[in-house]
Amino acid sequence: MKQLLDFLPILLFFGAFKVYDIYVATGVIMVATTLQMAILYKLDGGLQTMHKVTLALVLGFGALTLGLHDERFVKIKPTVLYAFTGLALAIGLWILKKNFLKMMLGAQLKMPDPIWRNLTVIWISYSLFMATLNAYVALLYTTEQWVNFKLWGYAFPLVFLVGQGLYIARHLQSDEKEVSS
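Caption draft 1: Structural context of the overall build of the protein. Of regular secondary structure, the protein possesses 8 helices and 0 strands. In sequence order, the protein lays out its α and β elements as α-α-α-α-α-α-α-α. In terms of overall dimensions, the protein has C-alpha extents of about 55 × 35 × 30 Å along its principal axes. Residues classed as buried in the protein amount to 39% of the 181 residues present. Pairs at least 24 residues apart make up 66% of the contacts formed inside the protein by residues separated by at least 6 positions. Here the protein holds 15 positive side-chain charges and 10 negative ones, and the gap between their average locations is 5 Å.

Pasting the structure below:
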């Protein structure tokens, strides 16, 4: 159910755009994301930091889009989200010497520290790539082309997650093994 819940706002956004326009679609994704987060909150008893950031950006950039009647804001929101993610992970890893990815997922996944470091670098690279790709499409293509890219561009995260899963599977440790901190 949670996987469907992840894709529901973008599917509703796409449908609203095809039937109406970018402004109706923006309102739809704002409402859909708010409902999505309410459901996640009810199911999990809270929201993860990334959920909170996503909700804030969807509502903030959506409000700017609707209030200023300027579609550039909703189109650049994914760039900001991906850049924020990549930069937060990079600052954590290389400046603060903390692995935020391990801090968020370490209770569920037991892996050696070098693997967590590699995985974080992979996430940093992916996030910055996606930020750049969205900015490129948002700035140089029509709104309709950008919306199509948003829908079909979900192939990128799916391929990334499958690749990441294959990488992680080789390095998972059982609870009985010692995991370095």
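Caption draft 2: Region of interest: the side chain of lysine 77. Note that lysine 77 resides in helix α4 (residues 72-95). Of the side chains with opposite charge, aspartate 6 comes closest to the buried, unpaired lysine 77, at an N-O distance of 12 Å. Contact partners of lysine 77, with chain neighbours within four places excluded, come to Leu57, Val58 and Phe61.

Caption draft 3: The packing of aromatic side chains, seen in detail. Counted by the stated rule, this structure contains 6 aromatic pairs. Residues tyrosine 126 and phenylalanine 160 carry aromatic rings whose centres are separated by 3.9 Å and whose planes lie at 5° to one another, so their mutual orientation is stacked. Remark: phenylalanine 160 occurs in helix α8 (residues 155-169) and tyrosine 126 occurs in helix α6 (residues 113-140); sequence separation between them is 34 residues.

Caption draft 4: Quick peek at the nonpolar core. In this structure, Phe13, Ile22, Trp146 and Val147 are the most contacted members of the largest nonpolar core, which totals 22 residues. Elements with a contribution of two residues or more to this core: α1 (2-19), α2 (22-44), α6 and α7 (143-152). Setting aside chain neighbours within four positions, we find valine 147 in contact with Phe13, Phe14, Phe17 and Ile22. One finds Leu89, Ile115, Ile124 and Tyr167 within the second-largest nonpolar core, a separate group that totals 11 residues.

Caption draft 5: Quick look at unusual backbone geometry. Positive phi outside glycine occurs at histidine 69, with the angle close to 50°. Locating histidine 69 in the fold gives a position in the loop between α3 (49-68) and α4. Residue histidine 69 is classed as exposed on the basis of its relative accessible area of 55%. One non-glycine residue, lysine 97, adopts positive backbone phi at about 60°. Locating lysine 97 in the fold gives a position in the loop between α4 and α5 (100-105). Its relative accessible area of 66% is what places lysine 97 among the exposed residues.

Caption draft 6: Local environment of α3. The first and last C-alpha atoms of α3 sit 28 Å apart over 20 residues, in line with the 28 Å expected at 1.5 Å per residue. Among the residues making up α3, those that are buried are His51, Val53, Thr54, Leu55, Leu57, Val58, Phe61, Gly62 and Thr65. Just downstream of α3 lies histidine 69, where phi reads positive at about 50°.

Caption draft 7: Representation of the side chain of asparagine 99 in the model. Considering the arrangement of structural elements, one finds asparagine 99 in the loop between α4 and α5. For asparagine 99, a relative accessible area of 14% translates into the label buried. A polar contact is formed between the side chain of asparagine 99 and the backbone oxygen of tryptophan 116, at a distance of 3.3 Å.

Caption draft 8: Region of the structure containing the environment of glycine 106. Its location among the elements puts glycine 106 in the loop between α5 and α6. Glycine 106 sits in the buried class, given a relative accessible area of 16%. Linking glycine 106 and glycine 92, residues 14 residues apart in sequence, is a C-alpha distance of 15 Å.

Rules used throughout
- Residues numbered from 1 in each chain as written.
- Predicted model: local features only at pLDDT ≥ 70, side-chain atom pairs only at ≥ 80, totals over all residues.
- Heavy atoms only, no water.
- Helix = DSSP H or I, 4+ residues; strand = E, 2+ residues; numbered from the N terminus.
- Buried < 20%, exposed > 50% of the residue type's maximum accessible area, 1.4 Å probe, protein only.
- Contact = heavy atoms within 4.5 Å.
- Lys, Arg positive; Asp, Glu negative; His and termini not counted.
- Charge placed at Lys NZ, Arg CZ, Asp CG, Glu CD.
- Salt bridge = Lys/Arg side-chain N within 4 Å of Asp/Glu carboxyl O.
- Phe/Tyr/Trp six-rings, centres within 6.5 Å; stacked < 30°, edge-to-face > 60°.
- Core = buried A, V, L, I, M, F, W, Y, C linked by side-chain atoms within 4.5 Å.
- Expected span 1.5 Å × (residues − 1).
- Polar contact = N/O pair within 3.5 Å; in protein donor to acceptor, adjacent residues only side chain to side chain.

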